[in-house]
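Spelled out, the chains give:
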Amino acid sequence: MKTTDVIVIGGGLAGFMAAAVAANRQQKVTLLTYGSGSLPLMSGTIDILNAKAPDAAIKNLPAHHPYQKIGLKNIDSAIKFFCDIAAQANLPYVGRLSAQIPVVTAVGTLKYSCLVPESMDASNLINKKKIFVVGIKGLKDFYPSMIADNLKKYFPDKIFDVAQIDLKLLGGRDITCMDAAQILTDNEQTLANELKALNATDNDAIIIPPILGVMGNFSRSVITTQLRADIFETTCLPPSPPGVRLQRAFIKYLQKSGVKIFENSKVVRGVVEDKKVTGVVVENAVREKIFRARKVILATGGFYSGGITMRDFDNPMEPIFDIPVFFPTGAENWSNQQLFSDKPQGFSMTGIFTNDNLNPADENGKILYENLHVVGANLGGCDKIFERSAGGIAISSAYKAATI
Amino acid sequence: MSDTTQAIFTGDRCLSCTSCMANCPVMAAVKEYRGPKLVGPAHGRMHFSQEDIEESLNYCSNCKSCDRACPSGVAVSTLNMLQRAEYYKNHPHLRHEDMLAHGERMANLIRKMPFGATFSNIGMSIGKTLGVFSALGLAGERDMPAYASTSLKDYFPRIKQASASKKVVMFTGCYINDNEPHVGEAFIKVMNANGYEVLIDKGFNCCGSPLVVTGFLDEAREHADNNVARILDWKKKGIPVVTPCTSCSLMLKEEYHELFGEHEMHEAAENVYDAFEFLEILQERGEFNDNLKPSAQKLLYHVPCHLKSQAIGLPAQDILEEIDGVKVQTADAGCCGISGNYGFRKDKYNISMKIGAKLFERVKQKDFDKVISDCGTCRMQIHHGTDIKPCHPIEILAEAYK
C-alpha cells in the first residue's frame, strides 16, 4: 500500500472540506468514512456565528476559541473555497462573513445564517405583498398553516395564503422531503404546473418545503423560469435534500479530483513514531489494514458522531489517538437544565485543544503530533450549537488544516 | 471481534437518524419500499403478532448501502434478511424464488446429465424466447447465465500447476465454478506466478448468499456450518481460503457471523480473504511478484457494493496500477442494481434497471479500453445494460504474467 500525502478521517462537513482543499492543492488524498456523515441530516445552511456582524464578533472571542486559532483570513478563504465548490455543482450559495441571511424554518420561524443556498435565501421576503405557503399532499412533517401563522409574527402587514397541492405522491410509503425531491428530479413539470395555478405575481413569494431535486439547482431552474413570483425553500427534518445536494456537490468534486473515498472504514488507532503519525489502522470484520500518510486530518466529530466518547463521567476520550480532551470539570458545570435558555451547555464545550496549527496539545500545551491536525466538531472550548458556529468552524478549520 | 457484531444486537444502536434512507438506492427508485430503517431495525423489533407483516420488506435488495451509511454500526440489511426469513416461516416460497435461491442445486443436476450444460443453455434460450421464464416469475428480459461446458471443479485436475509449499484453497463461488471458470483459471495463474499452489475443496457448498436473500435461512445455516467446518480444517493446516467473488467473501467473512452469531464463524472468517486483498497483503510483506508485462490500457472499475462493505480499500486498483501503462478509473456511479438474484425477479427487474441507469450511462461513454468488476452479477448487469462485456480484474493481472 503506497503512502499517500493526506488521510482525512471523517465524512462530515469538515472531512469533506479538508479533503477538497487538500486535493485542490495537488495533494494525493484518501478519505476514510464510517457512516454517511452529517450532511444528509443538516439544513444546508452554514452558520458561522450568532452575531449581526460575525467578522467583528469573532475578533472579540477568547483566545482559546477555535476561531482565534484559525484566524479571520482563513475563515474568509474557506468561505470563498466552499462557495466555489458548491457553485461548480450548480449549487450557488449566497452570503458573507459580515452579515446574516434569513431562512424560513420548517415551523415558520426565521433563522439567520451566513452562508445559505440560493434556494433558501429569504432576504427578499420583506419586499413582497403576498406570501403563499404551499404544502404537498401526503408530505410528512410540513404544516403550511402553522408556518403561515408563525411567519405573520415577523410580517404582520403581509397577506398570507395557504395552499395544498397534489403531486400524486401517495400510494406508497409516507413521503418525506427527500422522497419528494428524488421523485421530482428530472420530473419537475407537475410541480411547475401546480405552482403556476396559484397565479402569483412578481409582488408575491411562494414558500415550499425543500423538494426542488437532489442535484444542485437544476430542478429549481426548471421551475423558477416559469414563475413570476420568487420561490423559497424552507429547512426540513432529515433526510434533508439541501444537505444531500451539498454532500453530492462535495463528492462530485472529490471524485473529479482523484480523492480515494473508502466507506465503512472505521479507524481504530494511529500508527505513530515519536511525534509523527505515519498511518492509521482500519478495522474490518476480520482483520486490520494500515493506511499510510504523511499527514493526517482528524474530522471524526464530537459526542454526537463518536469522535469523542465518554464511558466514565469526567473522563471523555478521543478514541483513535487517545488525545487529551478538554471538558468542564464538576457535575454542576456539565449541563444547563434549561434546554432552550439563553445559556450554553457545559458539556458542549468538550473537545480537543490545539495550537495555531491545529495540532493537538496536552493539558500543558505540549504538542503531541506535528503532522496530525484536528478540525470541526473535534475541537473544544466553545458550545458550537449555542453560538451557532459549528458549520463555520468545520469549513474554516478544515481549510487551515489542509493548507498548512 | 465481540458478539456485538451479531446483527440482532446492533438494532438497539439505531438512532433513527435516517442516513440509511438518504442512501438507499431502492428507495430512490420506488416509493413502495418503506426503507431500511423502518423495515429491519424498527418493524423487525416492534411487531408483536404474526399477522403484522411489513410487506415492503421484499423490496430490500441486500446491497448493504444502508449498512455503509449507518454511523452507528447497525447491520441494517442483515436485520432485513432475518426478518425476511421470519416471513417465510409462515408463507410459501414462490417458484422463482426457489429457483433463484438454488442455483447450485440446479447446476449439480445438470452436470450429472450427458451434455447437460449444452442442452440447458439451448433450453434457456428457447425458454426466454417462448416467455417461459417470464411465466415463472423471472425477468423475461434477461438471459439466464449460460453454463460453461465443464465446471471449474471438474476441469481443475487438468490444470497444470507446479507443486509448492505455499498453498491457498480457492473458494470458487457458484458463478465462477459453473458459468465463468476462466476467471478461476486466471486466479490460479496469478497465484502460481506468486509462488502459490491452488487447491480446490469439493466439499464446499454455495456460500449461501442466494439462499439468505430469498429467505431460505435454515438451508443457508446448513451451508454455513459445512463451510465453516471446512475453513477451520484448512486453518488448522495453515492454508488460507481465498475467493475472487466479493459476495462470497463478504458472506464468509462477515455475514455468517452477523446472521448466526457463532464464535466459530468468526474464527473461520479470519482465514478467508478476498483475492486482491490477499495479493495486497503479499505486497505489504514484499512477497508480491511484480514482474509484470507492461500494457497500455485504461480500465473503468465498477466497485461492487459487497466489496465496499469489506473496508479493505481498493486493492485491485492498487495492484493493477503496478502494471506499467495501466490506469484504473473508478466508475463512481453507485450500485449496479442487480444485487445477486434481485434483478432476476420479474417484479424487481425495472427497479434494478432504474438503479443501474447511472452506471450504464457512465459505461456507455466508452472512454476506456475495458470495464472491470470483481462481482459476477455486477458484470452480468453491466453487460445487460450496456452490451459491453466486463471482465474480472484478476483476468487483467493474469494477462500481465504471460
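What counts and what doesn't
- Residues numbered from 1 in each chain as written.
- Chains lettered and ligands numbered in written order.
- Predicted model: local features only at pLDDT ≥ 70, side-chain atom pairs only at ≥ 80, totals over all residues.
- Domains from an automatic or database assignment.
- Contact = placed C-beta atoms within 7 Å.
- Helix = DSSP H or I, 4+ residues; strand = E, 2+ residues; numbered from the N terminus.
- Nonpolar A, V, L, I, M, F, W, Y, C, P; charged D, E, K, R; others polar.
- Pairing = 2+ DSSP bridges.
- Axes fitted to C-alpha atoms, helices over the stretch in contact; angles between N-to-C directions.
- Core = buried A, V, L, I, M, F, W, Y, C linked by C-beta atoms within 7 Å.
- Buried ≥ 20, exposed ≤ 12 C-beta atoms within 10 Å, placed from the backbone.

Enquirer: Can you help me understand the domain arrangement of chain B in this one?
Expert: Interfaces are frequently sized by the accessible area removed from exposure as the parts join. All names here are of chain B. Under the domain assignment used here, chain B contains domain 1 (3-89), domain 2 (95-136), domain 3 (152-282) and domain 4 (292-400). Listed by partner, the interface residues are 25 residues for domain 3 and 22 residues for domain 4. Where the side of domain 3 that touches domain 4 is concerned, the elements lending two or more residues are helix H12 (174-178), helix H13 (181-193), helix H14 (209-213), helix H16 (246-260) and helix H18 (275-284). Of the residues belonging to the side of domain 3 that touches domain 4, the class tally is 14 nonpolar, 5 polar and 6 charged.

Enquirer: What am I meant to see in the sheet that holds strand E7 (residues 130-136) of chain A here?
Expert: Strand pairs in the sheet, formed through backbone hydrogen bonds, run parallel or antiparallel to each other. Residues and elements named next belong to chain A. Across the sheet, which stays open at both edges, the 4 strands sit in the order E8-E7-E9-E10 with parallel pairing between neighbours. Taken across any chain shown, the strands that pair with only one partner, and hence form the sheet edges, are strand E8 (159-165) and strand E10 (230-233). Between one strand axis and the next, the sheet turns through 25° on average, direction left out of account. In terms of strand pairing, E7 meets E8 through 7 bridges, oriented parallel. Each bridged residue has a counterpart across the sheet, and for Val133 the counterpart in E8 is Val162.

Enquirer: Help me understand the domain arrangement of chain A, please; the structure alone is not making it clear to me.
Expert: Residues and elements named next belong to chain A. Here the domain parsing of chain A yields domain 1 (4-92 + 245-403) and domain 2 (99-236). The straight-line distance from the C-alpha centre of domain 1 to that of domain 2 is 32 Å. Elements represented by at least two residues in the side of domain 1 that touches domain 2 include exactly helix H4 (72-88) and helix H9 (241-256). Of the residues assigned to the side of domain 1 that touches domain 2, the class counts are 10 nonpolar, 5 polar and 4 charged.

Enquirer: Sorry, what's going on with the nonpolar core here?
Expert: As a rule of thumb, soluble globular proteins bury nonpolar side chains together. Residue and element names in this part refer to chain A. With 245 residues, the main nonpolar core has Met17, Ala18, Ala19, Ile207, Leu254, Val375 and Ala398 as its most contacted residues. For this core, the element with the highest residue contribution is helix H1 (residues 13-24), accounting for 10 residues. Among residues more than four places away in sequence, those in contact with Ala19 are Val8, Val29, Leu31, Leu254 and Val259.

Enquirer: Would you mind showing me how to read the pairing of strand E5 (residues 297-301) of chain B here?
Expert: All names here are of chain B. Here 5 bridges tie E5 to strand E6 (residues 326-330), and the two strands are oriented parallel to one another. The residue of E6 that forms the bridge with Gln297 is Val326. In terms of strand pairing, E5 meets strand E7 (residues 370-372) through 3 bridges, oriented parallel. Residue pairing for E7: Leu300 is matched across the bridge by Val371.

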